[in-house]
Each structure stands twice: as C-alpha cells, then as structure tokens.
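Coordinates in review
Single-letter residue listing:
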Amino acid sequence: MTKALVGISVTVAAVVIIAGAILLNAPDRAGDDSSADASQNSAHSEPNGESNEVTIKNFNFVQSKIRIKKGTAVTWTNQDSARHDIMPDSPSENFKASQLLAKGESYSFTFNTAGTYSYYCSPHPYMKASVEVVE
C-alpha cells in the first residue's frame, strides 16, 4: 500500500472509533424530548424528614420523583462528566437554582414550604424531575 492509502485508512479508523465513543456516551433521546421513561428511571421515596440524595447520571436525575417532609434537605450530586444544574420550573425563595455542577460536585437545598417543585437541567432540558414536599 502507498503511504497515502495507509494515512486514509488510519484516519477512517480513528473517525469510526471516536464516533462510536461519542454514541456510547450520548444520552438516549429516543422518542420525544421529555424525561426518560419514568418506570425505569424514577424512585419514589416516602417522607422521612431526613436528607434525600438525587444522583445525576447518564443524563438523568436517577431519582426523578421524590417525596419529603417539610424542612428536609435534598442533595443533588453530579456523576456525569458533563456539567448539569438544577433549574426550578418556577424559581423562588421556596426553591432556588444551582450553579452548573462539575463531576463530583453537589448542591443542597432545604424545602420549607409544602408543594410540588418541578425542575430540569438547563443545558439538557429533557432532563426533568420533581420534589413533593408534604407537611
């Protein structure tokens, strides 16, 4: 083979490998752009008055619906290499947005008012979840 043919073959192989790696790490966005199938990606916790953890992984809020008692802190921890945030649908004193979180970083918020608080990730708006706060 000529040097040019070898160079083209190596370039094509590198492109195929990179494209495969990107596809393996991309979020599954089949269907619509709403949150992932809730039956597979949600965990519903019972109110317990203790801190609740929400994991951000594979471009999902793993615990997409949680239920807590008023006065409970929720902590979100990003386990993705991409940066994510917690953006309330209706930001207020009752639920404030986070900064963008890098891998391994966390954000906590204490919910002191009963209600249901929906939120999403602003860079990835198909990532959606909610917190239900009860008395």
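See above for the structure.
The rules behind the values
- Residues numbered from 1 in each chain as written.
- Predicted model: local features only at pLDDT ≥ 70, side-chain atom pairs only at ≥ 80, totals over all residues.
- Heavy atoms only, no water.
- Core = buried A, V, L, I, M, F, W, Y, C linked by side-chain atoms within 4.5 Å.
- Buried < 20%, exposed > 50% of the residue type's maximum accessible area, 1.4 Å probe, protein only.
- Helix = DSSP H or I, 4+ residues; strand = E, 2+ residues; numbered from the N terminus.
- Salt bridge = Lys/Arg side-chain N within 4 Å of Asp/Glu carboxyl O.
- Pairing = 2+ DSSP bridges.
- Phe/Tyr/Trp six-rings, centres within 6.5 Å; stacked < 30°, edge-to-face > 60°.

This part takes up the nonpolar core. Grouped together as the largest cluster of nonpolar side chains are 22 residues, with contacts concentrated most on Phe 61, Trp 76, Ile 86, Phe 111, Tyr 119 and Val 131. For this core, the elements supplying multiple residues, two or more each, are β1 (52-57), β3 (65-69), β4 (72-78), β6 (106-111), β7 (115-121) and β8 (124-134). Broken down by element, this core gets its largest block of residues, five residues, from β8.

Per the stated rule, a full pass over the model turns up three salt bridges. A salt bridge links Glu 132 to Arg 67, with the nearest nitrogen and oxygen atoms 3.8 Å apart. Taken together, the residues span a long stretch of sequence, with Glu 132 in strand β8 and Arg 67 in strand β3 at a distance of 65 residues. The partly exposed category is assigned to Arg 67, whose relative accessible area is 26%. Taking the shortest distance from any N to any O, the salt bridge between Lys 70 and Glu 135 comes out at 3.2 Å.

This part covers the sheet that holds β6. With mixed pairing, the four strands of this open sheet are ordered in space as β2-β1-β4-β6. The open sheet has two edge strands, β2 (60-61) and β6, and neither has a second partner. Two strands pair when backbone bridges link them, and β4 and β6 are joined in this way by six bridges, in the antiparallel orientation. From the neighbouring strand, Thr 72 faces β6, where its bridge partner is Phe 111.

Attention now goes to the packing of aromatic side chains. Taken as a whole and judged by the stated rule, the model has 11 aromatic pairs. Measuring from centroid to centroid gives 5.5 Å for Trp 76 and Tyr 119, while their planes differ by 85 degrees, and the two rings are edge-to-face. Of the two residues, Trp 76 is situated in strand β4 and Tyr 119 in strand β7; the sequence distance between them amounts to 43 residues. Across the pair, exposure class does not vary: Trp 76 and Tyr 119 are buried alike. Here the aromatic residues Phe 61, Trp 76, Phe 95, Tyr 107, Phe 109, Phe 111, Tyr 117 and Tyr 119 are joined through ring pairs into a cluster of three or more.

As a further point, take the sheet that holds β7. Spatially, β3-β8-β7-β5 is the arrangement adopted by the four strands of the open sheet, whose pairing is mixed. In the strand order of this sheet, the two ends are held by β3 and β5 (87-88), each with one partner. Sheet analysis places β7 next to β8, joined by seven bridges and oriented antiparallel. Residue pairing for β8: Tyr 119 is matched across the bridge by Ala 129.

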